[in-house]
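Structural overview
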Amino acid sequence: MATITNFINNEYTPVAGDKIPVHSPGSGKTIAHVQLSTQDQVNDAVEKAHTAFLAWSNRTVKDRVQYLIRFHQLVIKHKDELADLIVLEHGKTKEEALAEIAKGNETVEFALSLPQLILGHSLEVSRGVYCQDVRRPHGVVVSIVPFNFPFMVPMWTLPIAIATGNTFILKPSEKVPLTMNKTMELIKEAGFPEGVVNIVNGTVNTVQLLCDHPKTKAITFVGTSHVAELLSHRCRLLNKRIIALGGAKNHLIASKDCNIDMASSDIVASFTGCSGQRCMAASVLLTLGKQPELLDAIVAKAKALQPGQAGKSAMGPVIDIASRDKIVRYIEESEKAGAQILLDGRTWLKDEKLVATGGFWVGPTVILHKNKQDKALHDEIFGPVISIYECENQEEAIAIENANPYGNAACIYTNSGAIAEWFTKRFSAGMIGVNIGVPVPREPFSFGGINRSKFGDFDITGHGGMEFFTSLRKTTTKWVIPKEANWMN
Ligand code: NAD
C-alpha cells in the first residue's frame with residue numbers, strides 16, 4: 001500500500017517515522033498511509049525553499065508564469081486521473097471532482113495574468129525626484145489546506161504565490177493527501193526549478209512547526225474557524241502575514257415572489273453539492289412567511305438524489321465516520337426539540353446495500369424548525385442538511401442572518417429588484433448572491449468572507465491574493481536636479 005511522502009526539491013522524500021492511514025469514504029477501506037513530518041523534515045523543506053527563493057524571485061514575472069502555462073496544460077491532460085483520486089479519497093462524485101479541477105485551474109489562469117496586473121506606480125514627485133513602488137515577494141510561504149477540495153483549495157494560493165516570486169510549501173489535509181501528491185508529478189514535468197513548490201505532510205504539529213519557523217514569511221490557512229483563529233493569533237505574534245479562512249453558516253432567504261422551480265433546484269444543489277461539505281453551501285433557509293410549495297419542491301428534488309459517486313443525480317458519502325455521526329446527532333437533537341424532519345438522511349444508514357459498502361453515507365436532510373434556538377440552525381454541520389425556519393417578515397430574516405457569527409455567504413431568492421437590494425445592502429456575509437445559492441466570486445474577483453469566516457487581511461484569491469503574497473517596496477530616486485528646482489516643485 002502506498003505511503004504518501006513529502007515532496008521537497010522536486011523529489012518524493014520517504015523517511016522512516018510515524019504514518020497514519022488514509023480512508024476512502026466510499027468504502028471505509030484504508031487506501032494509503034501518509035507520513036507525519038518531524039521537525040528535521042520541516043526544517044529541510046523550509047531550507048530548500050529558502051535556497052530556491054533567491055534565484056526564483058530574481059526571475060521576471062513573465063518568465064515565472066511560463067512554468068504555470070505548462071502546468072495548466074498538464075492539469076487538463078491529467079484531469080481524469082486527478083478526478084479519480086479526488087473521488088477515491090474525498091468521496092465526491094466524478095462530475096464534482098472534474099468541476100473542482102476546472103475551478104482550480106481557473107486560479108492558475110488568473111496567475112497567468114499577473115504580468116499585466118502586478119504593475120507598480122512611478123511618478124516624478126518633485127523636479128528630478130521619482131517615487132516608484134513595486135510588488136516584491138516575501139520569501140518562503142506556507143499554505144495549510146482542508147479536506148473538502150483536495151485540488152481547488154491548494155490552487156487558490158499555489159499559482160499566485162509562486163508567480164509573484166515566492167517559494168511555496170503546502171501542507172495538505174492528512175485526510176486527502178493523494179491528489180496533491182499526484183499533482184507534484186505535474187509540477188516536476190512542467191519544469192519548475194527545485195525547491196519552488198514543496199509538500200510537507202502531517203497534522204497539528206507539522207502546522208505549528210511551519211508557522212513558527214523563522215524563515216517562513218507568510219501563512220495561509222483554510223479550515224475550521226477555531227483553528228483559523230488560533231493560527232492567526234500565533235502568526236500575528238510572530239509578525240507574519242496571515243490569512244486564515246474559517247467555517248461558515250450560510251443563510252439563504254426565499255421571498256414569496258421567487259421562482260419556485262429555479263430556487264428549489266438551486267437550493268438543493270447548494271446544500272447537497274459535495275455532500276454539503278463546502279464552505280459556501282447553503283445551511284439555513286429562511287422563508288418569508290410560509291411557503292409550502294417551495295418546501296415540497298425542495299424535498300422532492302433532494303429525495304431524487306441517489307447515493308453514488310458518478311452521475312448528475314448522485315450524491316457521495318461524507319468524509320469519515322466522525323462527520324457522519326455528527327450530522328446524525330444534529331438531526332436527532334432537532335427532532336427532540338420538536339423540529340419536523342421533512343426528509344431524513346438517516347434512512348441511508350439503514351440501507352443494507354449502502355451498509356455493505358462500508359462507506360460513510362448519509363442522505364440529504366431537510367429540517368423544518370419551530371424553535372429558533374435549535375443548534376442545527378446555528379452550528380456548522382458540514383453535511384447535506386438544510387435547516388428551514390419560517391420568518392414573519394424581512395426584518396426577522398435579516399436579524400437572524402446578521403446574528404450569526406460567520407460571514408461567508410448569503411443569498412436572496414426573489415424576482416423583485418427592490419427586495420434583492422434591501423437584503424444585499426443588509427447581509428453581514430462577505431459573498432452575496434441574488435438567486436445564486438453558491439455565490440463564489442469567479443476570477444478575477446477575490447474569494448473571502450468576513451467575521452468568523454476570515455481572520456487576517458486581504459482575500460485569498462484574485463487581486464486579494466496578489467496583495468497578500470507581495471509587499472510594496474517604495475523607492476525614491478534622484479539623479480540630477482534641474483538648476484531652478486527646489487524640493488517642492
Ligand atoms: P480542519 O480545521 O480540521 O483542518 C484544516 C487543516 O488544518 C488540515 O490541514 C489539518 O491538518 C490542520 N489542522 C487541524 N487542526 C489543527 C490544529 N489544531 N492546529 C493546526 N493545524 C490544524 O478543517 P477540515 O475539517 O479539514 O475542513 C473543513 C472546514 O474548513 C470547515 O469548517 C469549512 O467551512 C472550512 N473551509 C472553509 C473555507 C473558506 O473559504 N472559508 C473553504 C474550505 C473549507
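How each quantity is defined
- Residues numbered from 1 in each chain as written.
- Predicted model: local features only at pLDDT ≥ 70, side-chain atom pairs only at ≥ 80, totals over all residues.
- Heavy atoms only, no water.
- Near = heavy atom within 4 Å.
- Polar contact = N/O pair within 3.5 Å; in protein donor to acceptor, adjacent residues only side chain to side chain.
- Areas by Shrake-Rupley, 256 points an atom, 1.4 Å probe, with all protein chains shown as cover.
- Helix = DSSP H or I, 4+ residues; strand = E, 2+ residues; numbered from the N terminus.
- Domains from an automatic or database assignment.
- Axes fitted to C-alpha atoms, helices over the stretch in contact; angles between N-to-C directions.
- Parallel < 35°, antiparallel > 145°, perpendicular 65-115°, else oblique.
- Left-handed = near helix turned anticlockwise from the far one by under 90°.
- Contact = heavy atoms within 4.5 Å.
- Nonpolar A, V, L, I, M, F, W, Y, C, P; charged D, E, K, R; others polar.
- Buried < 20%, exposed > 50% of the residue type's maximum accessible area, 1.4 Å probe, protein only.
- Pairing = 2+ DSSP bridges.
- Phe/Tyr/Trp six-rings, centres within 6.5 Å; stacked < 30°, edge-to-face > 60°.

An unreviewed UniProt entry annotates the protein chain as Aldehyde dehydrogenase domain-containing protein of Boothiomyces macroporosus.

Glancing now at the site of the ligand. Around the ligand, the surrounding shell holds 27 residues, and the nearest of these are Val 145, Glu 174, Thr 224, Gly 246 and Glu 380. Val 145 places a main-chain nitrogen or oxygen 2.8 Å from an oxygen atom of the ligand. Between the ligand and Glu 174 there is a distance of 2.6 Å, counted from an oxygen atom to a side-chain nitrogen or oxygen. Isolated, the ligand exposes 840 Å² of accessible area, and the fraction of that covered by the protein chains is 89%. Counting only elements with at least two residues in the shell around the ligand, the list comes to helix H8 (204-212) and strand E11 (216-222). Both of domain 1 (2-246 + 458-475) and domain 2 (250-434) provide at least three residues apiece to the shell around the ligand.

Closest axis-to-axis distance for the helix H3 (residues 79-90)/helix H4 (residues 94-112) pair is 8 Å, and the angle between their directions is 125 degrees. Taken together, H3 and H4 sit at an angle that is classed as oblique. Relative to H4, the crossing made by H3 is right-handed. Contact residues: H3 offers Lys 79, Asp 80, Leu 82, Ala 83, Asp 84, Ile 86 and Val 87, while H4 offers Lys 94, Ala 97, Leu 98, Glu 100 and Ile 101. Class assignment of the residues belonging to the contact of H3 with H4 gives a composition of 7 nonpolar, no polar and 5 charged.

Moving on to the side chain of Asn 105. Looking at the secondary structure, you find Asn 105 in helix H4. Note on Asn 105: relative accessible area 4%, which makes it buried. A distance of 3.2 Å separates the side chain of Asn 105 from the backbone oxygen of His 72, its partner in a polar contact. With residues near it in sequence (within four places) discarded, Asn 105 still touches His 72, Val 75, Ile 76 and Phe 151.

Strand order in the open sheet made by the 7 strands is E17-E18-E19-E14-E13-E20-E21, with mixed pairing throughout. In this open sheet, the two edge strands, each paired with only one partner strand, are strand E17 (340-343) and strand E21 (431-434). Strand-to-strand twist of the sheet, defined as the mean angle between neighbouring strand axes without regard to direction, takes the value 20 degrees. Bridge count for E17 against strand E18 (residues 365-368) is 3 bridges, and the pairing is antiparallel. If you follow Gln 340 over to E18, its bridge partner there is Leu 368. Across the sheet, helix H11 (residues 292-303) touches strand E13 (250-254), strand E14 (282-288), E17, E18 and strand E19 (385-391), and the angle it forms with E17 is around 55 degrees. Each of E17, E18 and E19 is contacted by helix H12 (residues 321-336), which is oriented at about 25 degrees to E18, the strand it contacts most.

The subject of this paragraph is the packing of aromatic side chains. Following the criterion strictly, the structure yields 10 aromatic pairs and no others. An angle of 65 degrees between the planes, with centres 5.1 Å apart, marks the rings of Phe 7 and Tyr 12 as edge-to-face. Since its relative accessible area comes to 1%, Phe 7 is described here as buried. Aromatic side chains Trp 56 and Phe 192 sit 6.1 Å apart centroid to centroid with 55 degrees between the ring planes, which places their arrangement in the tilted category. Here Trp 56, found in helix H1 (residues 39-58), pairs with Phe 192, found in the loop between helix H7 (178-189) and strand E10 (197-199); they are 136 residues apart in sequence, far enough to count as distant. The burial state of Trp 56 is the same as that of Phe 192; both residues are buried. One aromatic cluster is present, formed by Trp 56, Tyr 67 and Phe 192 through successive ring pairs.

We now examine the packing of H4 against helix H6 (residues 152-163). At a minimum axis separation of 8 Å, H4 and H6 run at an interaxial angle of 15 degrees. The angle between the axes of H4 and H6 places the two elements in the roughly parallel class. Crossing of H4 against H6: the hand is right-handed. On H6, the residues touching Glu 100, Lys 103, Gly 104, Thr 107, Val 108, Phe 110 and Ala 111 of H4 are Met 152, Met 155, Trp 156, Pro 159, Ile 160 and Ala 163. Here the contact of H4 with H6 is built from residues that sort into 9 nonpolar, 2 polar and 2 charged.

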